[in-house]
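Structural overview
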Amino acid sequence: MKLIIVIISNKDIGKVLEALSKAGILATKISTTGQFLEGGHSCAFIGIEEEKTEEVFDLIKQNVTKRIVRRQGVNSTLAGTLLTQPVDVEEYGGVAFTIDVEDFRKF
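All values derive from a computational prediction rather than experimental measurement.

The next thing to look at is helix α2 (residues 53-63). For α2, the complete set of buried residues consists of Thr53, Val56, Leu59, Ile60 and Asn63. Considered in projection along α2, the buried side chains sweep an arc of 125° and stay on one side of the axis. Exposed positions of α2 whose direction lies more than 90 degrees from the buried face are Glu54, Lys61 and Gln62. Check the buried side of α2 and you find it contacts β1 (2-9), α1 (13-22) and β3 (41-48).

Structural data, given as structure tokens:
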């Protein structure tokens, strides 16, 4: 048994959860905060049999979008620096972690 924890942009979480549900895969969504994705993100916890992990990853990959976002540069004490100019940054639609589950019980 595996636990997949995936951090997904709020722009994509609905599509991902719908695709998982259609495939009969249950997930728990938790709203989170952090610095990973602009515009907000959520975590989905997915308990799944080991042989189905690639199916889950495929569904996630098909339903998230990489985006180019404009971010403000870093602050600098150097006079006349270009570091504060906006820059384009590639933002991934999600990041996943897989954890081995030693014990799983339903109550």
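So, next bit.
Using the criterion set out here, one finds four salt bridges in the structure. Between lysine 22 and glutamate 18 there is a salt bridge, with its nearest N and O atoms 3.2 Å apart. Residue lysine 22 and its partner glutamate 18 are located together in helix α1, separated by four residues, close to a single helical turn. Look at lysine 22 and you get exposed, because its relative accessible area is 68%. According to the relative accessible area criterion, glutamate 18 is partly exposed, its value standing at 46%.

Here the focus is α1. Regarding α1, the residues found buried are Ile13, Val16, Ala19 and Leu20. Down the axis, α1 shows its buried residues gathered within 135° of arc, on one side only. Residues Ser21 and Lys22 are exposed on α1 and point more than 90 degrees away from its buried face. Packing partners of the buried residues in α1 comprise β1, β2 (28-32), β3 and α2.

Attention shifts here to the nonpolar core. The biggest cluster of nonpolar side chains holds 14 residues, and the ones touching the most others in it are Val6, Leu20, Ile25, Ile46, Ile48, Val56 and Ile60. Looking at this core, the elements with two or more residues in it are β1, α1, β3 and α2. No other element matches α1, which puts four residues into this core. Apart from residues no more than four positions distant in its own chain, isoleucine 48 is found in contact with Met1, Lys2, Ile4, Ile25, Thr53 and Val56.

Rules used throughout
- Residues numbered from 1 in each chain as written.
- Predicted model: local features only at pLDDT ≥ 70, side-chain atom pairs only at ≥ 80, totals over all residues.
- Heavy atoms only, no water.
- Buried < 20%, exposed > 50% of the residue type's maximum accessible area, 1.4 Å probe, protein only.
- Helix = DSSP H or I, 4+ residues; strand = E, 2+ residues; numbered from the N terminus.
- Arc of directions from axis to C-beta.
- Contact = heavy atoms within 4.5 Å.
- Salt bridge = Lys/Arg side-chain N within 4 Å of Asp/Glu carboxyl O.
- Core = buried A, V, L, I, M, F, W, Y, C linked by side-chain atoms within 4.5 Å.

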